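A closer look at the structure
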Amino acid sequence: MGERVLRMTSREVQDVLRRYGFVLVSQKGSHQKWRSLTRGLQVIVPHHQSKPLPLGTMLSIMKGAEIPESEYRG
């Protein structure tokens, strides 16, 4: 059966994005724009302290950034 999706905070998502070559390019309010120039991808990450991101939001970020499922499935 499928593995569970790990709940992550915005800080944990940012750490994963950094490992895959994304850099923070701007922030407006509580939303941060992360971009990978080498891969031509961009994602927006809401930054809400230490609260876990909603599951759909986190999955959308990970898929938009083309992060392998092994990073967020446990």
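Our subject is the structure that appears above.
Definitions and limits used
- Residues numbered from 1 in each chain as written.
- Predicted model: local features only at pLDDT ≥ 70, side-chain atom pairs only at ≥ 80, totals over all residues.
- Heavy atoms only, no water.
- Helix = DSSP H or I, 4+ residues; strand = E, 2+ residues; numbered from the N terminus.
- Rg over C-alpha atoms; globule rule 2.2 N^0.38 Å.
- Buried < 20%, exposed > 50% of the residue type's maximum accessible area, 1.4 Å probe, protein only.
- Contact = heavy atoms within 4.5 Å.
- Areas by Shrake-Rupley, 256 points an atom, 1.4 Å probe, with all protein chains shown as cover.
- Lys, Arg positive; Asp, Glu negative; His and termini not counted.
- Charge placed at Lys NZ, Arg CZ, Asp CG, Glu CD.
- Salt bridge = Lys/Arg side-chain N within 4 Å of Asp/Glu carboxyl O.
- Polar contact = N/O pair within 3.5 Å; in protein donor to acceptor, adjacent residues only side chain to side chain.

1. A word on the overall build of the protein chain
Looking only at helices and strands, the protein chain features two helices and three strands. Mapped in sequence order, the helices and strands of the protein chain form the string α-β-β-β-α. The C-alpha radius of gyration of the protein chain comes to 12 Å, within 12% of the 11 Å expected for a compact globule of 74 residues. With respect to the principal axes defined by its C-alpha atoms, the protein chain has extents near 40 × 30 × 15 Å. Relative to its full complement of 74 residues, the protein chain shows a buried share of 31%. Sequence-distant contacts, at least 24 apart, represent 50% of the contacts inside the protein chain between residues at least 6 apart. Surface summary for the protein chain: the accessible area is close to 4,800 Å², and the carbon and sulfur share equals 52%. Looking at the protein chain, you have 12 positive and 6 negative side-chain charges, and the mean spots of the two groups are 9 Å apart.

2. Some thoughts on the pattern of salt bridges
This structure, assessed with the given rule, holds four salt bridges. Close ionic contact of arginine 18 with aspartate 15 constitutes a salt bridge, the shortest N to O distance being 3.2 Å. Of this pair, arginine 18 and aspartate 15 both sit in helix H1 (residues 10-19), separated by three residues, roughly a single helical turn. The exposure class assigned to arginine 18 is partly exposed, which follows from its relative accessible area of 47%. In this structure aspartate 15 comes out as partly exposed when scored by relative accessible area, which is 37%. Here arginine 19 makes a salt bridge to glutamate 71, at a shortest N to O gap of 2.6 Å. With arginine 19 in helix H1 and glutamate 71 in the segment after helix H2 (55-64), this pair connects stretches of sequence that are 52 residues apart.

3. Focus on the side chain of serine 10
Following the sequence through the fold, serine 10 ends up in helix H1. The buried category is assigned to serine 10, whose relative accessible area is 1%. Within the structure, the side chain of serine 10 is placed 3.1 Å from the side chain of histidine 47, a separation counted as a polar contact. Excluding residues that lie within four positions of it along the chain, serine 10 makes contacts with Val45, Pro46, His47, His48, Gln49, Lys51 and Leu53.

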